[in-house]
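# What the coordinates show
Next come the chains, spelled out residue by residue.
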Amino acid sequence: MGRRFSTSRVGEEERVVFMGDDTWEGLFPKMFHRSYFFPSFNVKDLHTVDNGILQHLYSTVDGGEWDLLIAHFLGVDHCGHKHGPDHPEMAKKLLQMNEMLRTLVERLGNDTLLVVAGDHGMTDTGDHGGDSEKEVNAALFVYSKTPLFGTDPPEEPEVVPQVNLVPTLALLLGVPIPYSSIGEVMAELFATDGDAVSAALQQLDVYHINANQVDRFLRSYSLVAQDLPTEELQQLQDIFSSAVEEHAQLVAHVQEEKPSSPELQARLGRLLGRFQRYLREARAVCARSWARFRPLRMVAGCALIAASCLLCYVASALPAAPDSFYRSCLLAPLLWGLAAALLLGLACAVMQEGLDLLVVSSWAAAVSQVAFFWRWWGRQPKRAHSASSHPPVASISLRQRLQACPALAFPMGILLFRCGAMFSDSFVVAEARVVPFLLASLVALLVGKLHWDGRLTVPEGPRQQLLSSSSYRKESWHLLYLVAALLLCVRLSAAFHQCREESPQCRPSLFLAPLAGLRDARAKNLFYLACVAALVALVCAVRRWLRHCGNLNGSEPAVLFVRWGFPLLAVFVACYWAVASSAEDSLGKLQELVHVALVAFPWAVYGLVGAGLLLVLCKPVTVFAKDTRETAGPIVTPYLGVASSEVDFLHVIPQIYRRMQESLKSHLERGGCGAAVAAYGLGSVYSAALVIALTLLAFLLLLLHSERLSLAFLLLFLEAFVLLHIHARARKPFSVPWYAVISWLLAASQFFYSTGHQPIFPAIHWNAAFVGFHLDHSTNLLPALLVGANTFASHILFAVGCPLLLLWPFVCEAPSTQRRKARKEPREELHEEEEHMMEMRLREAPDRFSAALLQLGLKCLFVLGMQQLVLAGMLMVPHCACWARRFLFEALGFVVSSVCLLLGILLVMRVDCAVSAWFSRLQLR
Amino acid sequence: MSEAGVRRLCAANLLRGCSVLLAATAPRFFLDGFSVLGTPLTWLCACSVSVSALSVVLNAALGPSPPPRRGSLAHKVGFLKCCMYFLMSFGRAFLSLNTFLFAVLLSTFTTLQCLCVLGPNIQAWIRVFSKNGAMSIWDNNLQITTVCSVLGAWFGAFPIPLDWDRPWQVWPISCSLGATFGYLAGLIIAPLWIHWNRKQLTYKSR
């Protein structure tokens, strides 16, 4: 870094010349008098930047057309990254730098200061970014042809904090010190000429300026933020004011007398020391309160997460016990925790201390966890005892456990891979590709295991292979097609990836940019049509599925909403896209209309989605009941008027005939029992409500994304559907196995990336905040919600849809050829219709249903929590500041997923209540 | 299960392993600048060609199943079917040369071996690759080598995203290396496993 004193040019514009790293171009666009930028992104390229600088450096220095010359060499840094510090390449690079310095020093003018500074050191592997001694220490070399130090430079080089460079260079250049700098000037550089007293006076001057600037900053900062301790601030201010006072006195004293007595020198020295003390303490106070980690809290938080994960695991592994057990094991600890929180709050209130909500809630959580584990442990010995009293039972369970081990090991291994991948920076960068790989592996493994266990073939003796082939083909080919479809979805979804800044050669997906940015009108129209087709396909698929399940009959409000509201929603979204993508080239007159439409269409969608969700919440039962019970009323509907003509008989006779036919049929079917209600869609009433809610959410989230990502959302629904079908074929009801949960959540992360997101700040879709708003927000909450919904779209959808994992096998239970699944009432005949029970099996065993729902939720939380735990653990390890950003995204995603998971489960429970009410109404009728 | 059969199996596996090693070293004498990492595509070709040639020869020489009569129609149809299955096992790998060669290698290690031992008989394949489905030591050998090759290829994918800047960290070299090492490991493991479980196997074959 070359530099020339510019005090002679005060008032004129500084001529700043830059050469080197082109990052500066983005940071300070058009700020340089002249600039030579060279591409710096490729870490493996050691020479482009350096050679480019060297080509221009000497001629520029000799030309003299500059006041400040910045040369940012990158080769040493890149060489460290690529080869490490102890490599022949590094020696070459350092020799080259030495040569450059030697040449430069020879060419410097007398009034030029040369500052050579590194911004960081490197570890033994050549990397940096952490806070180890080797990484934070860098060299500083200052050279000038006029002597800088009054005395000989010290033998042992002084250590200078890097923040000190800012005020020093600013004052040397004659510009004000930047407002928020808390550095201390390097006084030695300002004592260049004259005797000791005048040198000290000069130093005092710069110290005075510096202290004033720091004081001003601290004052205004403490007005805004409260995180600096007041006593220390007061102390600092005392030091400052006394020092300033004495400085004024001294200056006046010197101006009067100009003596050079040793007494004055001593006073000067003391004052210098005082200024120094002020500046250093100010910096120390700031450092203490800004870079404050609370290791105890971090450890405690990690322990809490770990305990929660363990709790989830233990509770989900509990056998489907009676309801009372869950109550005692889970509800009581909750009460304990609440009690602990209350006690703690009271204690705080009594002690007159500020109530830290975080501490209280974490104590409450800890207490409830301890209570849970205590109760669980209390049950353990009993079980062991009962097992020992029946040795054969124990041995069987042991063998079963051993057999279940690989079944657990595979998905857990995949989860382990996923968590372990976070330890490696490269895997974090490549996570968008790692997650689909793991998902595909998990599903392939699952199918392989099913095949291996022979669950795809009909069980029989090994000699009858020819017979087995037919049945194998039918069932397993279906499964294999599903797997192929899943792999295809995974493959296609890779087309929607966003790029990270770490991989410069990557190009973001074509689909991420909004349509409005497309120049080619024809391509725009084609893409628009494709997006609308995706929308229509989504609506049609959902409606078709609901019709297939028989949930689209009758005139329940939710059914009507699906029939008419969904197409309307699609139309609104399509209209919004049309307006938004052509907003720029519209005519002047239409401009206002376009603005209105840009706001109106999204609001229409918001309103409709809100209404739909409310409707699903209030009346979630989409069952069409056809009552064929024998009514007490007359057989023939009363016909008003006189039965005189043939027409009247034509009216009556068919009715009598139909009635007779029906009663005969019901007698034949029911064996004389008679009363029956055909309920269409009762078998899938839970999943139908969830599917409707999911579709509504999908419309909302689609609106927040750019148009072409609707294709990704279509893929998302397709993949979720395929996953559900695979799991429905591969498991036994009433318990969701681990692989299902893990693959479901892997798919959620996969679509986080496949909807054009990355866990980095530049990749956030800020445009989402302005869908339906015309560039103004009164509060911060709404845009945060919109951007959050956009960012965590796939988390939301998959978390809300999580209960489907439990429900789907019941839905798929009935043979697919049967179009309408009817279930007959009343209850005394349930056993006759065993094969069409579907989700009503869940109502048959409400205990098992709620236990299964709870276990599903716990398993999901466990899988989500494990990733949290790993990341939180990473934060505590030094060198890992770079993970903080990732942790932020992951933690937010965790919160969103958990909340949505709870909402999904709540929706299922709400449907359960509604179905109960429906049954009781039916019985009343 | 006879001693002679096991011995034959060991010999066959030894030969196969040698062919893999030979494919990695021998071309150096004919081609300038050949090395596994330097010219991976050549190595892939050499490896697949040598292993597949050896498999076909071995199958003809000491094949476990009596070969059908030469020249018969069934034989021809069977051969065509074999080719078809072999080609089908490449999947959509025709898009790039790298992927194609990797697919050829993996198919050589898995599908071709199956074809040699079992022939184009889907039911037999399904039987062999399921629990308790292996009826002979050859089936067991097939099971183990195939699974090991696929697993090796799978594990080979893991170093790709790492930033070690090694020449073998590129698709498909690491996966090919993984598959090869997996195959070699399978060739060693299979006889050991058979030796380990020989009592159980004799019981089963009765």
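Residues numbered from 1 in each chain as written. Chains lettered and ligands numbered in written order. Predicted model: local features only at pLDDT ≥ 70, side-chain atom pairs only at ≥ 80, totals over all residues. Heavy atoms only, no water.

A separate point is the overall build of chain B. Across its full length, chain B holds nine helices and zero strands. For chain B, the sequential pattern of α-helices and β-strands runs α-α-α-α-α-α-α-α-α. A burial count over chain B gives 49% of its 206 residues as buried. When contacts within chain B are restricted to residue pairs at least 6 apart in sequence, long-range pairs at least 24 apart make up 68% of them. (Helix = DSSP H or I, 4+ residues; strand = E, 2+ residues; numbered from the N terminus. Buried < 20%, exposed > 50% of the residue type's maximum accessible area, 1.4 Å probe, protein only. Contact = heavy atoms within 4.5 Å.)

Residue and element names in this part refer to chain A. With 161 residues, the main nonpolar core has Phe-566, Tyr-686, Phe-699, Ile-726 and Leu-797 as its most contacted residues. Sorting elements by how many residues they give to this core places helix 21 (residues 685–704) first, with 17 residues. Those residues within four positions of Leu-797 in sequence are excluded, and the remaining contacts are Leu-694, Leu-697, Ala-698, Leu-701, Phe-713, Leu-716 and Phe-717. In this structure, Val-115, Leu-148, Ile-239 and Phe-240 belong to the second largest nonpolar core, which totals 45 residues. (Core = buried A, V, L, I, M, F, W, Y, C linked by side-chain atoms within 4.5 Å.)

This next bit is on the pattern of salt bridges. Residues and elements named next belong to chain A. A full pass over the atoms with the stated rule returns 10 salt bridges over all chains. Asp-62 serves as the salt-bridge partner of Arg-107, at 2.5 Å between the closest nitrogen and oxygen. Of the two residues, Arg-107 sits in helix 4 (residues 88–107) while Asp-62 sits in helix 2 (residues 48–63), which places them 45 residues apart along the sequence. We note a salt bridge from Glu-184 to Arg-280, for which the minimum N-O separation is 3.0 Å. Within this pair, whereas Glu-184 is found in the loop between helix 6 (165–173) and helix 7 (196–224), its partner Arg-280 is found in helix 9 (residues 262–290), the two being separated by 96 residues in sequence. (Salt bridge = Lys/Arg side-chain N within 4 Å of Asp/Glu carboxyl O.)

Residue and element names in this part refer to chain B. Between helix 5 (residues 97–118) and helix 8 (residues 173–196), whose axes approach to 9 Å, the crossing angle comes to 20 degrees. When the interaxial angle is binned, helix 5 and helix 8 end up roughly parallel. Seen along the crossing, helix 5 lies across helix 8 with a hand that is left-handed. The segment helix 5 lies against helix 8, with Phe-102, Leu-105, Leu-106, Phe-109 and Gln-113 engaging Cys-175, Ser-176, Ala-179, Thr-180 and Tyr-183. Residue composition of the contact of helix 5 with helix 8, grouped by class: seven nonpolar, three polar and no charged. (Axes fitted to C-alpha atoms, helices over the stretch in contact; angles between N-to-C directions. Parallel < 35°, antiparallel > 145°, perpendicular 65-115°, else oblique. Left-handed = near helix turned anticlockwise from the far one by under 90°. Nonpolar A, V, L, I, M, F, W, Y, C, P; charged D, E, K, R; others polar.)

Residue and element names in this part refer to chain A. Of note, Asp-912 is situated in helix 29 (residues 883–924). Beyond its immediate stretch of four places on either side in the chain, Asp-912 contacts Tyr-686, Arg-843 and Phe-849. Reaching out from Asp-912, the side chain makes a polar contact with the side chain of Tyr-686 at a distance of 2.5 Å. (Polar contact = N/O pair within 3.5 Å; in protein donor to acceptor, adjacent residues only side chain to side chain.)

Let us look at the packing of helix 7 (residues 137–156) of chain B against helix 8 of chain B. Residue and element names in this part refer to chain B. Helix 8 packs onto helix 7 with a crossing angle of 150 degrees between their chain directions and a minimal axis gap of 7 Å. Between helix 7 and helix 8, the angle falls in the class roughly antiparallel. Here helix 7 and helix 8 pass one another in a crossing that is right-handed. Residues Ile-137, Asn-140, Asn-141, Ile-144, Thr-145, Cys-148, Ser-149, Gly-152, Ala-153 and Gly-156 of helix 7 touch helix 8, and the partners they reach there are Ser-174, Cys-175, Gly-178, Ala-179, Gly-182, Tyr-183, Gly-186, Leu-187, Ile-189, Ala-190, Trp-193 and Ile-194. Partitioning the contact of helix 7 with helix 8 into residue classes produces 12 nonpolar, 10 polar and no charged.

Bringing the packing of aromatic side chains into the picture now. Inspection of every chain in the model, using the stated rule, returns 42 aromatic pairs over all chains. Between A:Phe28 and A:Phe32 the ring centres are 6.5 Å apart and the planes differ by 80 degrees, which places this aromatic pair in the edge-to-face class. Grouping aromatic residues by their ring pairs yields a cluster made of A:Phe417, A:Phe427, A:Phe437, B:Trp154, B:Phe155 and B:Phe158. For the cation-ring pair, A:Arg708 lies above A:Phe527, with the distance from its terminal atom to the ring centre recorded as 4.6 Å. In this arrangement the basic side chain of A:Lys859 is found over the ring face of A:Trp738, its NZ or CZ atom lying 5.2 Å from the centre. (Phe/Tyr/Trp six-rings, centres within 6.5 Å; stacked < 30°, edge-to-face > 60°. Lys NZ or Arg CZ within 6 Å of the ring centre and 35° of its normal.)

With that out of the way, let us pick up empty space enclosed by the protein. Residue and element names in this part refer to chain A. Under the counting rule described, the total for this entry stands at six cavities of 30 Å³ or more. The computed volume of the largest cavity comes to approximately 270 Å³. Considering the residues around the largest cavity, the lining is formed by 25 residues, among which Arg-418, Ser-749, His-795, Gln-867 and Glu-890 are closest to the centre. For the lining of the largest cavity, the elements supplying multiple residues, two or more each, are helix 13 (391–420), helix 23 (738–754), helix 25 (793–800), helix 28 (846–876) and helix 29. Per element, the largest residue contribution to the lining of the largest cavity is seven residues, and it comes from helix 23. Counted by class, the lining of the largest cavity contains 15 nonpolar, six polar and four charged residues. (1 Å grid on protein atoms, 1.4 Å probe; cavity = no way out; pocket = protein on both sides within 12 Å on 5 of 7 lines; lining within 4 Å. Points joined across faces, edges and corners; volume = space filled by probe spheres on them.)

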